[in-house]
Amino acid sequence: MYTPESTQAAAYQLVNSVTSPMDQFKCSVCSSVFANYDSLRRHYDTEHPHDVAPVVVALHLNGKHCEIVVNPHWTFQRALQYKFGLTGAKHMCDKGVCGSCTVIIDGRSVLSCTTLAVEVAGKTVQTVEGIAADPKWKPLIDAYCKWDAMQCGYCTPGFMVAAKNLLDKNPDPTEQECREALAGNICICGTYPRHAQAILEAAKEIYKGGNA
Amino acid sequence: MADLVGINGQRENFKVVGKHNLPGKVSYALASGVAKFGVDYALPGMLHAKFLRSPYANARVLSVDASKAKALPGVVDIVMWDDPDMIALKPPGPFGPTRPWLDNYADQEGIEVAVIVVAEDEDICEEALRLLDVEWEVYPHVVDILKGKEIDAPLARPTDPLFHGKDMFARLVDEPKRGNVSRAITVQGDVDKAMEEAEHVLEYKLVLPTFASHVPNPPASVAQWFDDPYTGPNNLHIEGAVQRRDSVGRMYGVPDHKTFQYGIFQGGKYCDWGMRRSQEITPLLARRTGRPVRCSEKREEAFDFLMNQRYIYMKIGFDKDGLISAIDDYSIADGGIDGNASFGTANDQGYGPYYTMKCLNIRQNMDIVDSNRGKMRLSGQHCPFNWDSGTMAIYLVAEKLGKDPIDIAKLNLHGPDSQEDMRPVRSFDECLDEGRKLMNWSWHASGTKKLPDGRYHGAAFRYQICPRHAFSGYNCKLEFRNGQIVLPTQGPVTGIFAVECNAMVVAEELGVGYDDVVVEFNFRERFTPVGGGSDGSTASAWAMKECANILKKQILEATIEGANNPPPPSFFGPPPPANPFKGFKVEDLDIVDKMIVAKDDPSKSLPLAMATMDHLVATYSGRPPAAIWSLGMGKMLDTMNTAYCEVAVDPETGEVEVLRFGVVADPGLVLRPTSLESQIDQVMFFSQGCQLLEEYVYDERTGVRLNNNMIDYKKPGMLDVAHVDRKFVETRDGNAAYGASGVSHSMANTHMVVIAIHNAIGVWVDPPATPDKILKALGKA
Ligand code: FES
Ligand code: FES
């Protein structure tokens, strides 16, 4: 049963379970596990000299300081799934076309499928789970659910992140501004007319009393 | 007609059914990114698998030297097509390929062939695939079905002499295949004679482009085997094969109770129910390696067809009023690769636009051409695919006679019971009346109306019958547990808000609110609400209505029993409220607004939650009466829908703007309006996309599909789609829940926009009607 409360709690739990992915220093070639990063590096030098060793990336993810050991060619979307267990950034096109993988990096909507994990070092990142866990944004989630701004729901987190980023910058958007802000998101199910409706309603609720 | 058989089918007052803005039961999980699809699952210690994919459109793997790949660190297993494990693997269900599950033959570029690599991560899989030394035998291919149809064309599938599409609605001609071509013919009446006698004869051609509507979430599964203290050894846990968990289990000889799956989110299916190899292989690989294995597909690996290419050559005979008396349809359709569905080919002959007309002389003759283009899974949104050949017939007759196509459609549509039935169809007439108003319908001949900005104005209209899911029975279960109504279901969730429709009907029948019906997803349950989109769950909702009333009776009986034989007082907690129904009969009571009340004296009441502490379970297995469309295949009519569009065509740039779509549909009764509206939008956007933007492009020389990615294959976005005005007529002339029928995907169309373009500029442009084609048609390029 996914109630508003249980879902918010689930998002909160996901956000808070990403604290220590450094626990496991695992070789991505042979799956050997090491006690620390230096041992892992040495293992690469001796056992897999032709492979590029992973690097440590530190970032602020949904309000938490995190560090991951990640292969330099990994996309951030892949790191979110496999290093942090966060699957809200979906991949539909894997080519920077559909917006399903959108996250907010340093205040900008960014496509995590075309962003390398190493590019995110030192940055502040917010994913859909972080948004969903924050009570401030509950009206946005509520409005999306009330207006069926989703069918299969696969693209929805990407739209949600883009919508939140719009409201961060523009608490009182017009319908056309909503449409333009979401123009980079593809919904195969064709839910397009629903989004502006939901965002406009949520904006009123989130910023009522002018507390933008 | 109407829901005369089901309990409360004639209900007049609705408190829940028909209400807007009731959030979906899983919408919060979807909106917040908590919902997990198959591709999202990762299990500790899992391996990854990748298939070798053919770089050739038609080729055989003669040999593979995998020694270098095997030596690559991180490679755990390499499985060849001739491995005994692979040979033993059998596809589940009736719609899969009839060749071995994986063999050394590839009939499409990019298809899985011959080898699977299992490794520590996907990068290593890909590196290992590159290190395979593969010897190929390459054959000529067919990606142009007009060429493939010729008797001397190369064979698209040399190993496969049969057409594999299953024919549900029409028969293939029982004759040997000629080259790549199988034939299907359906004849009614004497077409040649009727054509000869017709006052007017028109010939025209339609081209249906191949159209993709890929499932948004790339197919993927992860599987592992485990022992369990309760169910014993060799249990299978698989995620990502949601709807077909049990059939995947059967592939591996695992009984249902030992096959586990927790994920319910399946993504948009659009009637693409075909399982992919990535969703079936992981149990085998997990068994071989002793570790969980994940296999996922990239977008370009899962860019399948929703609609096959087809050329339709039409000839129609009609009289001076526009009454059509002869229809001769010759089609050349893409039979696709091995295992292609026969929707879009032979199946269309059994159920199509022509049988909705009074015309008694109909010939459908089809060449189904095997090709190396790709595969269409089971069924698509455009069903049947030749529907708009009928739409175009009506338009052309109207053009020829200087009449309004709506009048021509009305003249030609037969009555409710048969093609000889001359009575009007109420649903159709009501849709048309509303449609004329909605669109301010004012017909003009082609090329005669210019907008103030200089662009040409065009309009088009089409109709369809409103089908609903017709072939499944439903195993419903409801519980009254701790004072709550619980609806257990195995799902899956595919975006059609099916379980929500059912929950609304349950709430209606049990006198509670929508939020009071708790939906519990559990893969062990048997109830699946799936039954077509756009309120197509009216069939499952009919069965659930029966179940709800069985539960209601149980609740009322238990309440009366509690009054007649009250339990001894408890030492714990406050005393329960007095049960005033001693000596009552079930028929004396009702449930209203979560209270059990005496019908004659509403002051006698008891909160439903306090009715009984018994755990009550009601089940109902069954289905509504057969859907009229499935009985008549167009020759019987109940609920109908109509669609309209207006376009503006710029003669200078060739650009087409869809000014608006209009939809007036009669789903019988609207169960869940919010999602019904949204799905109407969806089919219009599908239709806009396939007529203005979308098309597969092949390299004729190599047979390679050039644009199976979302950059080069353009789907409509937020700023591309047109406004959709919608209106619902509710005749209650369907025969599922409360006289509902549903709209399903019948409104998706291939030529309504194209017809509007013709109405604007007076020349035909095949879809997708891109600006270059428009300019060419206008003689400007
Ligand atoms: S998956 Fe990143 S933009 Fe499509
Ligand atoms: S809701 Fe299915 S892709 Fe958008």
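Model, not experiment: these values are computed from the prediction.

A. Expanded view of the overall build of chain A. What chain A contains, in helices and strands, is 8 helices and 7 strands. For chain A, whose C-alpha radius of gyration is 19 Å, the value lies close to the compact-globule estimate of 17 Å for 212 residues. Principal axes of the C-alpha set define a box for chain A whose edges measure 60 × 30 × 30 Å. The buried share among the 212 residues of chain A stands at 52%. Partitioning the intrachain contacts of chain A with sequence separation of at least 6 by distance along the chain shows that 62% fall at a separation of at least 24.

B. Examining the overall build of chain B more closely. Of regular secondary structure, chain B possesses 19 helices and 30 strands. In summary, chain B has a C-alpha radius of gyration of 28 Å against a globular reference of 28 Å for 781 residues, a match within 12%. Dimensions of chain B, computed from C-alpha atoms along their principal axes, come out at roughly 90 × 75 × 50 Å. Counting the 781 residues in chain B, one finds 57% classified as buried.

C. Structural view of the interface of chain B and chain A. Contacts between the two partners involve 51 residues from chain B and, on the opposite side, 55 residues from chain A. Listed by contribution, the elements that provide at least two residues to the side of chain B that touches chain A are α1 (27-31), β21 (517-521) and α17 (673-692) of chain B. For the side of chain B that touches chain A, the element with the most residues is α17 of chain B, which contributes 7 residues. Here the side of chain B that touches chain A is composed, by residue class, of 23 nonpolar, 18 polar and 10 charged.

D. Region of the structure containing the nonpolar core. Counting residues in hydrophobic clusters, the biggest one holds 302 residues, and the most contacted among them are Y144 of chain A together with V117, V506 and I757 of chain B. Ranked by the residues each element gives to this core, the list is headed by helix α15 (residues 538-564) of chain B, at 11 residues. Each residue touching Y144 of chain A, except ones within four places of it in the same chain, is listed here: A149, M150, T156, M160 and A198 of chain A together with A31 of chain B.

E. Fine view of the packing of helix α6 (residues 156-169) of chain A against helix α8 (residues 192-206) of chain A. All names here are of chain A. Their axes nearest at 11 Å, the elements α6 and α8 cross at an angle of 45 degrees. By the angle between their axes, α6 is oblique relative to α8. Where α6 crosses over α8, the handedness of that crossing is right-handed. Seen from α6, the contacting residues are F159, A163, L166 and L167; seen from α8, they are H195, I199, A203 and I206. Split into classes, the residues belonging to the contact of α6 with α8 amount to 7 nonpolar, 1 polar and no charged.

F. Molecular detail of the sheet that holds strand β4 (residues 64-70) of chain A. Residues and elements named next belong to chain A. The mixed open sheet is built from 5 strands, whose spatial order is β4-β3-β7-β5-β6. Looking at strand neighbours, the two that pair on one side only are β4 and β6 (108-111), the edges of this open sheet. The average angle at which neighbouring strand axes cross in this sheet is 40 degrees, direction not considered. Inspection of the sheet shows strand β5 (residues 102-105) paired to β6 by 4 bridges, in the antiparallel sense. Counted as the bridge partner of I105 is R108 from β6. Set on the sheet, α6 makes contact with β5 and β6; between it and β5 the angle comes to about 35 degrees.

G. Looking closely at the domain arrangement of chain A. Domain boundaries assigned for chain A yield domain 1 (4-88 + 116-122) and domain 2 (134-210). The distance between the C-alpha centroids of domain 1 of chain A and domain 2 of chain A comes to 30 Å.

H. Inspection of the sheet that holds strand β25 (residues 616-622) of chain B at higher detail. Residue and element names in this part refer to chain B. Strands sit in the order β21-β20-β19-β25 across an open sheet of 4 strands; the sheet is mixed. The sheet is open, and its two borders are formed by β21 and β25, each paired with just one other strand. Direction aside, the axes of adjacent strands within the sheet are offset by 25 degrees on average. Here strand β19 (residues 474-481) pairs with strand β20 (residues 484-489) via 3 bridges, running antiparallel. Within β20, the position partnered with E479 by the bridge is V486.

I. Fine view of the packing of helix α11 (residues 387-401) of chain B against helix α12 (residues 405-412) of chain B. All names here are of chain B. Interhelical geometry of α11 versus α12 gives an angle of 115 degrees and a closest axis separation of 8 Å. The handedness of the crossing between α11 and α12 comes out as right-handed. Judged by residue contacts, I394, Y395, V397 and A398 of α11 engage P405, I408, A409 and N412 from α12. Residues of the contact of α11 with α12, tallied by class, amount to 7 nonpolar, 1 polar and no charged.

J. Here's a closer look at α12 of chain B. All names here are of chain B. Among all positions of α12, only P405, I406, I408, A409 and N412 are buried. Buried positions in α12, seen along its axis, are confined to an arc of 160 degrees and lie on one side of it. The elements touched by buried residues of α12 are β16 (324-336), α11, α13 (426-439) and β18 (456-465).

K. Main features of unusual backbone geometry. All names here are of chain B. The omega angle of the peptide bond from G491 to P492 is 5 degrees, so this bond is cis rather than trans. Examined against the element boundaries, P492 turns out to sit in the loop between β20 and α14 (498-510). Omega for the bond connecting P767 with P768 falls within 30 degrees of zero, at -5 degrees, which places this linkage in the cis form. Relative to the elements of secondary structure, P768 occurs in the loop between α18 (752-761) and α19 (771-777). Even without glycine at this site, N8 takes up a positive phi of about 55 degrees. With respect to the element layout, N8 can be found in the segment before α1. Owing to 16 C-beta atoms within 10 Å, N8 belongs among the partly exposed residues under this scheme. Even without a glycine there, the phi angle at N482 is positive, about 50 degrees. Residue position: N482 is located in the loop between β19 and β20.

Parameters at a glance
- Note on numbering: residues in each chain are counted from 1, in written sequence order.
- To label them, take the chains in the order written and letter them from A, then take the ligands in the order written and number them from 1.
- The predicted origin of the model limits local features to residues at a pLDDT of at least 70 and limits the giving and counting of side-chain atom pairs to 80 or more, whereas totals for whole chains, interfaces and linings rest on all residues.
- Helix and strand definitions follow DSSP, with helices as H or I runs of at least four residues and strands as E runs of at least two, each counted in order from the N terminus.
- For a compact globule the rule gives 2.2 Å times the number of residues to the power 0.38, and the radius of gyration it is set against comes from C-alpha atoms.
- Each residue is classified by how many other C-beta atoms fall within 10 Å of its C-beta atom, where C-beta atoms are placed from the backbone; a count of 20 or more means buried, 12 or fewer means exposed, and values in between mean partly exposed.
- Two residues qualify as a contact pair if the distance between their C-beta atoms, derived from the backbone, is within 7 Å.
- Residues are grouped as follows: Ala, Val, Leu, Ile, Met, Phe, Trp, Tyr, Cys and Pro are nonpolar; Asp, Glu, Lys and Arg are charged; every other residue, Gly included, is polar.
- Note on definitions: a nonpolar core is a set of buried residues drawn from Ala, Val, Leu, Ile, Met, Phe, Trp, Tyr and Cys, linked by C-beta atoms within 7 Å.
- Here, axes are lines fitted to C-alpha atoms. For helices the fit covers the stretch in contact, and angles between N-to-C directions go from 0 to 180 degrees.
- Any angle that falls under 35 degrees is termed roughly parallel, while one over 145 is termed roughly antiparallel, one within 65 to 115 roughly perpendicular, and all others oblique.
- When the near helix sits turned anticlockwise from the far one by under a right angle, the crossing is termed left-handed; a clockwise turn instead gives a right-handed crossing.
- Should DSSP find at least two bridges between two strands, the strands are regarded as paired.
- Domain start and end points were adopted from an automatic or database domain assignment.
- Each C-beta atom gives one direction from the helix axis, and the arc is the one those directions make.

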